[in-house]
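Each chain is listed here by its residues.
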Amino acid sequence: MRIRPRARFTAQAMQAANLLYRRPVLADEIAGPASAHAAAVSSLLHRDRGVVLDLGCGTGRMLGEVAGLRPRWDLYGVDWQLHLIRYAAQVRPGPTYERRDIRHVDIGRYADVITCIDVLNDIPPRAVKDVLRTIARHSRPGTLLLTQLTPPTRPLVTRTLATPTPLNLLPRRQARDEPEHTQQIHSVLGELTVTTRTTVSGVRNSCETIHRSWFFEDGSSVQDTFRRWPLQPDDLAGRLARLGFAPHHGLQHGHGSAGDLRVHVFTGKSPAAATTRIPRARRQHQVHLSYRFSALSRSMPAVIPHHDVLQIGAITS
Ligand SMILES: C[S@@+](CC[C@H](N)C(=O)[O-])C[C@H]1O[C@@H](n2cnc3c(N)ncnc32)[C@H](O)[C@@H]1O
């Protein structure tokens, strides 16, 4: 039997595979403004000072807006693509941007709010736990996590995570093609047409391979192919609960609520934050908390809906 080598998961490979990571202006234009997300983040903390850590900040489009709303907060954006970090620092100065891998980064501070918007689906299943550990490492009781699993705008994807699909029932080797679709985009780079075809495969973890063809006004074209691993909201909630996180109810109603934004908000403290920065005595305390909250996770299926708000309660000490 031929064993397929694992695709490389590096910043360079990611950039090479996705035109939007090479053209941040276009990425910004397609994603659109992040005002609603920024407003949501800003509304999570009723304090003059606060620390926000945006994991996988990309072009900094959300942090830039938070900076406008909360000029006294300390904002950190981490992304491993130098190109994007440079662009963010240039176009949206103010926050501290670091080129780092979100699986291992440690900014040396706890965050009051951690955001991870449209990032976890780009992380191969084997690496998701490392990103969750990073979240845990920067959390303390009351830290809020706002995460979005589906792209903020999705003109370019043909299937979204929120759609319940019995992917796990697919035979191991069977892959399924989604219908191809074509879009015209009036962009800063001129008129362009993009055709997208998605292949879905996988058993335990579904994998989407997205093939796009971009056709530019000047007659040139670019093909890109990249993979995404849709993470189900209840899977995420279960994993976070094991790390001591619980759904948070703060963003439920009104315009810009979690439901509107398709975001999930959690609060908590992770026992997995047993890293060098955290003293042993506190580690024991955190382990105790994890037991309390893993019990809560048993009731999660009841509270995890197909819409997007996951709220499990708050760790307060
Ligand atoms: C789809 S973009 C979303 C960017 C931004 N959060 C937004 O909403 O505009 C996903 C981002 O995650 C970043 N990313 C993925 N894996 C990463 C890793 N291991 N370390 C750092 N950044 C990562 C990518 O470089 C990319 O900028």
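This text goes with the structure placed above it.
The structure reproduced in this document is the subject of the present report. (Residues numbered from 1 in each chain as written. Predicted model: local features only at pLDDT ≥ 70, side-chain atom pairs only at ≥ 80, totals over all residues.)

So, about the site of the ligand. Surveying the vicinity of the ligand reveals 20 residues, the closest of which are Gly56, Gly58, Trp80, Ile102 and Ile117. Counted by class, the shell around the ligand contains 10 nonpolar, four polar and six charged residues. (Near = placed C-beta within 6 Å. Nonpolar A, V, L, I, M, F, W, Y, C, P; charged D, E, K, R; others polar.)

Of all the six residues making up strand S5 (residues 143-148), six are buried; the element is thus mostly covered by neighbouring parts of the structure. Alternating positions in S5 separate into two faces, Thr143, Leu145 and Thr147 on one and Leu144, Leu146 and Gln148 on the other, with burial throughout. Of the strand pairs in this sheet, strand S4 (residues 113-117) and S5 are connected by five bridges, and their pairing is parallel. Following the sheet pairing, Ile117 is matched in S5 by Gln148. Note on the crossover from S4 through helix H7 (residues 125-137) to S5: the handedness is right-handed. In the sheet, S5 pairs with strand S12 (residues 264-268) via five bridges, with the strands oriented antiparallel. (Buried ≥ 20, exposed ≤ 12 C-beta atoms within 10 Å, placed from the backbone. Helix = DSSP H or I, 4+ residues; strand = E, 2+ residues; numbered from the N terminus. Pairing = 2+ DSSP bridges. Right-handed = clockwise from strand over helix to strand, strands pointing away.)

Among soluble globular proteins, nonpolar side chains are generally buried collectively. Within the largest apolar cluster, 51 residues are counted, with the highest numbers of intra-cluster contacts made by Val52 and Leu146. Excluding its chain neighbours within four sequence positions, the residues that come into contact with Leu146 are Ala40, Val41, Leu44, Val113, Thr115, Val263 and Val265. (Core = buried A, V, L, I, M, F, W, Y, C linked by C-beta atoms within 7 Å. Contact = placed C-beta atoms within 7 Å.)

Before going further, it helps to examine the environment of Ile210. Checked against the element boundaries, Ile210 lands in strand S9 (residues 207-216). We classify Ile210 as buried; it has 20 C-beta atoms within 10 Å.

All right, on to unusual backbone geometry then. In this model, Asp118 sits at a positive phi of 55 degrees, which is unusual for a non-glycine residue. Mapped onto the elements of the fold, Asp118 is located in the loop between S4 and H7. Judged by C-beta crowding, with 20 C-beta atoms within 10 Å, Asp118 ranks as buried.

Let us look at the pairing of S4. Each regular strand shows side chains that alternate between the opposite faces of the sheet. Extensive coverage of S4 is indicated by the burial of five of its five residues. Residue alternation in S4 divides its side chains into two sets, Val113, Thr115 and Ile117 and Ile114 and Cys116, and both sets are buried.

Before going further, it helps to spend a moment on helix H3 (residues 24-31). When we look at burial in H3, the residues that qualify are Pro24, Asp28 and Ala31. Take H3 and look down its axis: the buried residues cluster within an arc of 75 degrees, on one side only. A positive backbone phi angle near 80 degrees is found at Gly32, which sits one or two residues after H3. (Arc of directions from axis to C-beta.)

Here we have seven strands laid out as an open sheet, ordered S3-S2-S1-S4-S5-S12-S11, and mixed in their pairing. Sheet topology places strand S3 (96-99) and strand S11 (245-247) at the edges, where each strand pairs with a single neighbour. The mean inter-strand angle of the sheet, taken between neighbouring strand axes irrespective of direction, is 20 degrees. (Axes fitted to C-alpha atoms, helices over the stretch in contact; angles between N-to-C directions.)

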